[in-house]
Amino acid sequence: MAMINCPECGKEISDKATVCPNCGCPISEDASKIQPVEIASVAIKPKFNKKVFVIIVVAIAIVGIGICLFSANKSAQRAKNKERFIELASLVKLSGLSGAAKCESTCNLIKKVWSDTIHEEYSIETAPYTRTNNKFNEDFNTSLGILFSSDTYKDDVAVIESSESELREYLSEMSTISEDCQKCYAAAEAFCKSYYNFVDLATSPSGSLLTFSDSFSAIDSDVMSYYKDLEFELEKLSNNSTK
């Protein structure tokens with residue numbers, strides 16, 4: 001069923017109606033053949049809000065700039081941390097090697113005083129510790145006690161312990177900035193731990209001459225081995241930083 005307009009009142013009625021229900025006007029057959037009126041749908045275009053658009057664009061730009069600045073700052077900080085890490089690792093290498101050399105000479109002196117007393121072997125280096133009134137001490141502990149009370153030994157121990165303290169500080173700081181330097185940090189940590197063992201041996205010797213000598217040989221070898229590992233990793237890290 002289609003709709004037509006009443007020729008009298010103009011309101012829509014069925015094309016089958018013979019009388020307009022609104023005004024009572026009779027509807028002729030010709031009127032019922034009038035083409036139905038169809039209203040085409042009209043698409044309403046939303047109004048463009050320029051102000052909102054500008055705000056959105058500005059917000060996106062600010063976020064983008066913020067991300068770029070954050071990324072740049074993070075990259076700069078990582079580069080700075082890496083530079084500081086290399087500096088600290090270099091200090092560990094130098095201070096540790098110097099301290100290890102002092103540990104080595106101190107342990108050698110302990111070992112020689114110990115051995116010379118037992119075997120009553122005269123040496124200009126050990127005589128001040130192994131002999132009393134021009135006679136060898138009967139107990140090596142007496143000789144070692146004289147050595148440990150000497151200014152020479154105390155000065156050496158002060159240097160050794162100072163170096164140990166420095167290494168602990170360096171390693172502690174390195175642990176906080178080792179994100180991109182894990183292999184080098186592991187090498188530095190292993191070197192420091194072997195040095196700490198060397199310090200204990202030089203400052204608190206114990207056991208027999210044989211066990212002391214064996215420990216001395218093993219620790220000395222470990223320190224040099226870990227030192228070479230640190231030197232290798234540090235050189236590799238430094239070369240990568242210059243590329």
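A brief structural summary.

**Regarding the packing of helix H4 (residues 140-149) against helix H5 (residues 151-176)**
In step 1: In contact at an axis separation of 5 Å, H4 and H5 are set at 60 degrees when each is read in the N-to-C sense. Contact residues: Leu147, Phe148 and Ser149 in H4; Asp151, Tyr153 and Lys154 in H5.

**Description of the packing of H5 against helix H6 (residues 182-203)**
In step 1: Contact geometry for H5 and H6: axes closest at 10 Å, N-to-C directions at 155 degrees. With respect to H6, the axis of H5 lies roughly antiparallel. Along this stretch, H5 crosses H6, giving a crossing that reads as left-handed. Together, Tyr153, Val157, Ile160, Glu161, Ser163, Glu164, Leu167, Arg168, Leu171, Met174 and Ser175 of H5 and Tyr185, Ala188, Glu189, Cys192, Tyr195, Tyr196, Val199, Ala202 and Thr203 of H6 make up the contact between the two elements.
In step 2: For the contact of H5 with H6, the class distribution of residues is 13 nonpolar, three polar and four charged.

**Quick notes on the pattern of salt bridges**
Note that side chains of opposite charge can pair when their charged atoms are close.
In step 1: Tallied over the full model, the rule gives seven salt bridges.
In step 2: In this structure, the salt-bridge partner of Glu87 is Arg84, at a minimum N-O distance of 3.1 Å. Taken together, the residues span about one helical turn, with Glu87 and Arg84 both in helix H2 (residues 50-119) at a distance of three residues.
In step 3: Of the residues examined, Arg84 reaches a relative accessible area of 29% and is grouped as partly exposed.
In step 4: For Glu233, the salt bridge is made with Lys236, and the minimal N-O distance between the two is 3.5 Å. One end of the pair, Glu233, and the other, Lys236, are both in helix H7 (residues 209-241), three residues apart, so they sit about a helical turn from each other.
In step 5: Its relative accessible area of 32% is what places Lys236 among the partly exposed residues.
In step 6: Here the salt bridges share partners, and the residues they tie into one network are Arg84, Glu87 and Glu173.

**Side note on H4**
In step 1: Within the span of H4, buried status applies to Ser143, Leu144 and Leu147. Buried residues along H4 cover an arc of 95 degrees about the axis, so they all sit on one side.

**Observations regarding a nonpolar patch on the surface**
In step 1: A cluster of nonpolar residues, Val52, Ile56 and Ile60, forms a patch on the protein surface that exposes about 270 Å² of accessible area.
In step 2: On the secondary structure map, Ile56 appears in helix H2.

**So, unusual backbone geometry**
In step 1: One non-glycine residue, Asn133, lies in the positive phi region at around 55 degrees.
In step 2: Examined against the element boundaries, Asn133 turns out to sit in the loop between strand E3 (131-132) and strand E4 (135-136).
In step 3: With phi around 65 degrees, Asn134 is a residue other than glycine that occupies positive phi space.
In step 4: Among the residues examined, Asn134 registers a relative accessible area of 66% and is labelled exposed.

Quick notes on the rules
- Residues numbered from 1 in each chain as written.
- Predicted model: local features only at pLDDT ≥ 70, side-chain atom pairs only at ≥ 80, totals over all residues.
- Heavy atoms only, no water.
- Axes fitted to C-alpha atoms, helices over the stretch in contact; angles between N-to-C directions.
- Helix = DSSP H or I, 4+ residues; strand = E, 2+ residues; numbered from the N terminus.
- Contact = heavy atoms within 4.5 Å.
- Parallel < 35°, antiparallel > 145°, perpendicular 65-115°, else oblique.
- Left-handed = near helix turned anticlockwise from the far one by under 90°.
- Nonpolar A, V, L, I, M, F, W, Y, C, P; charged D, E, K, R; others polar.
- Salt bridge = Lys/Arg side-chain N within 4 Å of Asp/Glu carboxyl O.
- Buried < 20%, exposed > 50% of the residue type's maximum accessible area, 1.4 Å probe, protein only.
- Arc of directions from axis to C-beta.
- Patch = residues over 30% accessible without salt bridge, like charges linked within 9 Å, V, L, I, M, F, W, Y side chains within 5 Å.
- Areas by Shrake-Rupley, 256 points an atom, 1.4 Å probe, with all protein chains shown as cover.

Any functional reading would require information that these geometric values do not contain.
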